[in-house]
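Structural features, examined
Single-letter residue listing:
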Amino acid sequence: MDLKIKLPENATDDIVYSLPYKFANDGEMVDGIFCADKEYIYIYADGKLEEQYKISDFSEFTCRRQIGSSMAQGIKENGDAVCFCAFTQDMFARFGEVMKLLEHYVRTGELITETDEDEPVCPSCGLPLEGGSECVYCKGKGSTILRLLKRIGPYKKYFITAVICTIASELVWVFMPYIDRIIIDDYVTPKLIDWGGFIAIVITIVSLLLVGGVMELLNMRNSFKTALSIGRDLRQEVFEKSQQLSMSSLSKRTAGELINRVSGDAAKLEEFITANGKDAIVKLLSLMIIGGLLFVMNWRLALMTIVPVPFVFLIVKKLFNVMALRYTAVWKYSKNHSENLHDILNGIAVVKSFGSEAREIAHYEGCSIKWAKACVRAEIMWYLTIPFSEFILTVGNFLVLYFGGSMILGNEMSLGELIQFTTYVAMLYEPIIWLIHIPRTLADTSVSAGKVFEILDMQSDVRDIEDPVEIDIKGDIEFDDVYFGYKAYVPVLKGISCKINKGEMIGIVGHSGVGKSTMINLILRLYDCTQGEIRIDGVPIKNIDQHSLRSQVGVVLQETFLFDGSILDNISYARQDAPFEEIIKAAKIANAHDFIVNLPDGYNTRVGNKGYQLSGGERQRIAIARALLHDPKIIILDEATASLDTQTEKQIQEALGRLTRGRTTIAIAHRLSTLSNADRLIVLDKGKLAEFGTHKELMKQGGVYYDLVMAQRETTKMKNAPLKTAQA
Amino acid sequence: MTDEIKEEVYEVDKLTLLDCKKIALKQEKSGFLTLEYDGRTYSRVDPTRLIPFLSKTTYISLSYENEEKEFREIGVIKDMKELSGEQYKLLDNFLEYKYYMPEITKVYSIKDNMRGAIFVKADTTSGEKTICVRDWYQNFRMLSEKYLYVNDADGNKYFCSDIEKLDRKSRNVLEMFT
């Protein structure tokens, strides 16, 4: 990354970082430069040196992201902060890097001037590279349609057969006008009765039609085979990609949008290949063959037929851009519409409970109308221009009829010849008209293809290394100076170091938003830490095969997700081949067996959409049984009992006690009493590990944990006090 | 039960509207503001627009971080007009820079790379630029019938308060994307 973009005048060679900024520290807009050498930071505004700060006066350097701008700050040992300057967000990555390097400098005394961080944006298109070294947009710039056609590769056998059959059937149709000409010139015009010849002609026509029909049949079979296979491949790939991508990439898209891409867009591409992929080759071939024939028959008349063609193509070229935009709008509104539908139906319980059905109906209607309007706009544009250009195209036909007629009168041409000629002209217009229609299809398809390839081109930010190891996890976990932020340069966890031993139960406590769930996400490797390392049994987590890691970690969350299916399906989701007895054992340990027995359909009871036919506690116990069957080495409990009443919580606690026995367990709970049986507690405060020890030790220390416990006791007292008064 | 809820949410359910006459703001070296109000001094005060798309000078929340670095709201300024001229200028200046958002005044062209990103060539109040918008159907959208909000790939924000007031060509270019 270039950290010396704009140097002040008379800059010395000692300057190591030099970046432009837009706002002085009082918010005034200036044309400024922030630069630093080994000792000082210099702030220039409008060409003049305004301020000078000694680097060693500061202990911390940060970038603080605001809404439309961000500021670079230095923090002194006593906590005093100084704003050096502020800048627009496009400079954030560079300032962030400089601040990181300056902090490294004051901490270690090592001044890094050449950073190996990648440039934040692609030099050619300006889009951020987001950690990649190449721009995915510029690298694979080849036309999306071409990429789509390349997918025919594995099915070329079927595709080529389809093409050959179509050419053969087209040839039959090209031959037909010649027979017409023979009938007219040799039989109709001279009124000749020659039954032998006539029957021969009839037999030829019938056999040609038969051959044509068989060819058409073979063509359809092979085209569909190709298109449906490609469609299936695309759907499969998009779905697989959605399963492989990291949580951070996936959280940018709604479920509805992904569903749309897996089914809707892939289907459109499939349709395109069936209808047009092969046609493109055949139509172009027939254009050349028929065009050639026309010129051989009569080049002057042939010229007349093609006079309007350039004009038509000019119109079509103009049309392509406009149509592409109009169809993008159609795509956008149809996407809005289906996402809206997905959202509302998913949240139907909320809609009903607030009685806002009428509002949602109106909202849905709005989306639906917008979509319809966009379609109308695209179609109107299309139907206004197309008949007109088709008309211009057929002007050539009138010219042919006029001059051809004159030629017949002047005995330069026979009637049969003219009819053959005009039939060919009509046949020539067919591929040309197809070419006119192609912008619409191409525009429509390239939008869909773009959307599908966008997903396929996405790079997961959590990737396995080249040779990942598969380990049999014992349960030691170590955090070594771990930094992490969901957005680069905005750390949520800062310098976390701790060692969790095999079989230990660890509770993570702290205020909400302090990074408790983030720590768990890092152990699950849903994200990669930005600095430092996490090791499991001494192996860096980045070297462990992701599948191997997650298959040995069991998770029970606050909100349990059950798939639509039976209780049996949901428990055995953890291990498909588990014998039924083991499933019952797991359910027993999870305190779930007893309530399942009381359900009329037992283990075959359907849990309904998202498990809403069961109570929260029942769902939770199924989730615990599922985790148990998984036989994980590490267990993660994220607020597993938070939404349950005390009685149910007790039952679940029992079940959890059995689940966690002998396994490394990491639990997050807001209610500190839930963590009473934890061996040790990690206390997070402002993203840092504030305390780590047993309940007793931490209470003795009287620090953050002590305050938390006291605050909760206060709240409990407050909650109980009015009740007691009321009871009294 | 009602008592219990009252106890618990007592602090949060109180909206403190600040008396503009008592407000004395000063610019700090840290880039934040210092506020003297009702005999108390708050340093590193961070003003926030509560409804940034609807109003720039009403409902401004003033907050700071206490020693435990916890968020504390001092109160809300209902309308900045009540402030003295000099105080208004200081606060407005800070907000304008915190929420720095150039306004789009003319749109020359929009190119779609057909892979989710668009490139908007436009004139803005901070000069002519090509704005790269990723996932444009999320980041290039109308917040109302007239208000266009753009969040570019770097995180810079742009807006156009009324697209109807743009010239005809700009409106035509925008039509397909809004």
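Residues numbered from 1 in each chain as written. Chains lettered and ligands numbered in written order. Predicted model: local features only at pLDDT ≥ 70, side-chain atom pairs only at ≥ 80, totals over all residues.

Moving on: helix α16 (residues 580-589) of chain A. All names here are of chain A. Those residues of α16 lying buried are Ile 583, Ala 586, Ala 587 and Ile 589. Down the axis of α16, the buried side of the element spans an arc of 165 degrees, and every buried residue falls inside it. Of the residues flanking the end of α16, it is Asn 591, one or two places downstream, whose phi is positive at about 60 degrees. (Buried ≥ 20, exposed ≤ 12 C-beta atoms within 10 Å, placed from the backbone. Helix = DSSP H or I, 4+ residues; strand = E, 2+ residues; numbered from the N terminus. Arc of directions from axis to C-beta.)

Next up on the list: the pairing of strand β4 (residues 58-65) of chain B. All names here are of chain B. Relative to β4, strand β3 (residues 40-49) is paired through four bridges, and the arrangement is antiparallel. Looking across to β4, one finds that Pro 47 is bridged to Leu 62. Taken together, the seven bridges between β4 and strand β5 (residues 71-79) define a ladder with antiparallel strand orientation. Opposite Ser 61, over in β5, you have Val 76 as the bridge partner. (Pairing = 2+ DSSP bridges.)

All names here are of chain A. You can see Tyr 429 is positioned in helix α12 (residues 415-457). Here Tyr 429 falls in the buried class, since 20 other C-beta atoms lie within 10 Å of it. In this structure, the C-alpha to C-alpha distance between Tyr 429 and Leu 287, residues 142 residues apart in sequence, is 8.5 Å. Sequence-distant contacts of Tyr 429, defined by excluding residues within four places in its chain, comprise Leu 393 and Thr 394. (Contact = placed C-beta atoms within 7 Å.)

Residue and element names in this part refer to chain A. A positive phi angle is found at Arg 525, which is not glycine, with a value near 55 degrees. Among the structural elements, Arg 525 can be located in the loop between α13 (516-523) and β11 (531-536). Judged by local crowding, Arg 525 falls into the buried class, with 21 C-beta atoms found within 10 Å. At Asn 591, a residue that is not glycine, the phi angle is positive and equals roughly 60 degrees. Secondary-structure assignment places Asn 591 in the loop between α16 and α17 (593-597).

Residue and element names in this part refer to chain A. Sheet topology places strand β1 (residues 17-23) next to strand β2 (residues 29-36); six bridges connect them, and they run antiparallel. Counterpart to Ser 18 in the pairing with β2 is Cys 35. Here five bridges tie β2 to strand β3 (residues 40-45), and the two strands are oriented antiparallel to one another. Bridging from a neighbouring strand, Cys 35 pairs with Tyr 42 of β3. If you look at the hairpin formed by β2 and β3, you'll find three residues sitting between the two strands.

Attention now goes to the nonpolar core. Residues A:Phe34, A:Cys85, A:Phe95 and B:Val133 are the most contacted members of the largest nonpolar core, which totals 69 residues. For this core, the element with the most residues is helix α1 (residues 92-108) of chain A, which contributes seven residues. When sequence neighbours within four positions are dropped, the list of residues in contact with B:Val133 reads B:Ala117, B:Ile118, B:Val120, B:Asn139, B:Phe140, B:Val150, B:Asp152 and B:Ala153. Ranked by size, the runner-up nonpolar core spans 68 residues in total, among them A:Phe479, A:Ile536, A:Ile636 and A:Ala669. (Core = buried A, V, L, I, M, F, W, Y, C linked by C-beta atoms within 7 Å.)

All names here are of chain B. The strand order across the open sheet built from three strands is β6-β7-β8, with neighbouring strands paired in antiparallel fashion. In this open sheet, the two strands that pair with only one neighbour each are β6 (104-112) and β8 (127-133). Averaged over neighbouring strand pairs, the angle between their axes works out to 20 degrees when direction is ignored. Across seven bridges, the pairing between strand β7 (residues 118-124) and β8 is antiparallel. The residue bridging Ile 118 from the neighbouring strand is Val 133, located in β8. (Axes fitted to C-alpha atoms, helices over the stretch in contact; angles between N-to-C directions.)

With that settled, consider α13(A). All names here are of chain A. Counting buried positions over the eight residues of α13 gives six, a clear majority of the element. Buried within α13 are the following residues: Lys 516, Thr 518, Met 519, Ile 520, Leu 522 and Ile 523. The first or second residue beyond α13 is Arg 525, which carries a positive phi of 55 degrees.

All names here are of chain A. Where helix α4 (residues 156-188) contacts helix α5 (residues 195-244), the axes come no closer than 8 Å and their chain directions differ by 160 degrees. Our classification of the angle between α4 and α5 gives roughly antiparallel. In this structure, the crossing between α4 and α5 has a hand that is left-handed. Of the residues in the contact of α4 with α5, the class split is 20 nonpolar, nine polar and two charged. (Parallel < 35°, antiparallel > 145°, perpendicular 65-115°, else oblique. Left-handed = near helix turned anticlockwise from the far one by under 90°. Nonpolar A, V, L, I, M, F, W, Y, C, P; charged D, E, K, R; others polar.)

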